[in-house]
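So the chains spell out like this:
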Amino acid sequence: MRRFLLITLTALYPTTPVASITRPIPAFGIFDLTWVPTAGGPHAPLATQMALLLAREYEAAAEVVYVAGTEATAAELEQGDARIKATMEAIREQDRQLK
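Not measured: the values here are computed from a predicted model.

## Let's talk about the overall build of the chain
Point 1. Along its length, the chain carries 5 helices and 2 strands.
Point 2. Of the contacts made within the chain by residues no fewer than 6 positions apart, 73% connect residues no fewer than 24 positions apart.
Point 3. When the accessible surface of the chain is summed, it comes to about 7700 Å², and 63% of that surface belongs to carbon and sulfur atoms.

Now the structure itself:
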């Protein structure tokens, strides 16, 4: 029994904070915007899919955000703009797949 609890609680640990935040949201009715931070990377498609599903579930909008430092060069800003466009295209594609 102890081994079962140790394995189960360890497996549930990463999802508990997400569930404790997302489950009360409908009760307050304040979820009207989903932010999608994008910096590329392996989790960008998953983040866009999650944002799209949350936006659809709570009748909200999805917003793509790229945060640049005050010392960002023009090339870095252009790269951020390209990432936003790529993320928006991924959202559109995932939206077509979900319909």
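So, next bit.
## Here's the deal with the environment of leucine 33
Point 1. Tracing the sequence through the fold places leucine 33 in strand β1 (residues 33-37).
Point 2. The residues touching leucine 33, leaving out its near neighbours within four places in the chain, are Ala60, Ala61 and Glu63.

## What about the pairing of β1?
Point 1. Alternating residues of β1 divide into Thr34 and Val36, all buried, and Leu33, Trp35 and Pro37, none buried.
Point 2. In the sheet, β1 pairs with strand β2 (residues 61-65) via 5 bridges, with the strands oriented parallel. Bridged to proline 37 within β2 is valine 65.

## Focus: the nonpolar core
Point 1. Val36, Ala51, Leu52, Val64 and Ile91 together form the largest nonpolar core, which totals 5 residues.
Point 2. Aside from chain neighbours lying at most four places away, what touches isoleucine 91 is Val36, Thr48, Leu52 and Val64.

## A short note on the confidence of the model for the chain
Point 1. Mean pLDDT over the chain works out to 75, with 83% of the residues at or above the 70 mark.
Point 2. For the chain, helix α3 (residues 25-28) is the element with the lowest average pLDDT, namely 62, and helix α5 (residues 74-98) is the one with the highest, namely 81.

## Looking at the environment of alanine 90
Point 1. Positionally, alanine 90 belongs in helix α5.
Point 2. C-alpha separation for the pair alanine 90 and alanine 44, spaced 46 residues apart in sequence, amounts to 8.9 Å.

## Comments concerning helix α4 (residues 44-57)
Because each turn of an α-helix spans 3.6 residues, side chains separated by three or four positions in sequence point in the same direction.
Point 1. Taking 1.5 Å as the rise per residue, α4 with 14 residues should run 20 Å; its terminal C-alpha atoms sit 20 Å apart, in good agreement.
Point 2. Every buried residue of α4 is listed here: Ala44, Thr48, Ala51, Leu52, Leu54 and Ala55. Within α4, the buried residues cover an arc of 165 degrees as seen down the axis, which keeps them to one side. Those residues of α4 that are exposed and aimed more than 90 degrees away from the buried face are Leu46 and Glu57.
Point 3. Buried residues in α4 make contact with β1, β2 and α5.
Point 4. The positive-phi residue at the C-terminal boundary of α4 is glutamate 59, with phi of around 50 degrees.

Procedures and definitions
Counting restarts for each chain, with residues numbered from 1 along the sequence as it is written. Local features are withheld for residues below a pLDDT of 70 in this predicted model, meaning they are given only at 70 or higher, and side-chain atom pairs are given and counted only at 80 or more; totals for whole chains, interfaces and linings count all residues. To get the side-chain values, all heavy atoms of the structure are used, and hydrogens and water are removed first. Numbering goes from the N terminus for both helices and strands, where a helix is a DSSP run of H or I of at least four residues and a strand is a run of E of at least two. By definition in these notes, contact holds between two residues if any of their heavy atoms fall within 4.5 Å. Only the protein chains shown count as cover for residues, with accessible areas throughout obtained via the Shrake-Rupley method and a probe of 1.4 Å. Per-residue accessibility, obtained with a 1.4 Å probe over protein chains only, is compared with the maximum for each type, and a residue is labelled buried under 20%, exposed over 50%, and partly exposed between these values. Paired strands are those between which DSSP finds at least two bridges. Here, nonpolar core means buried Ala, Val, Leu, Ile, Met, Phe, Trp, Tyr and Cys residues that are tied together by side-chain atoms lying within 4.5 Å of each other. Residue-level confidence of the predictor, termed pLDDT, takes values from 0 up to 100. By definition here, a helix of n residues has an expected span of 1.5 Å times n minus one. Directions pointing from the helix axis toward each C-beta atom define the arc.

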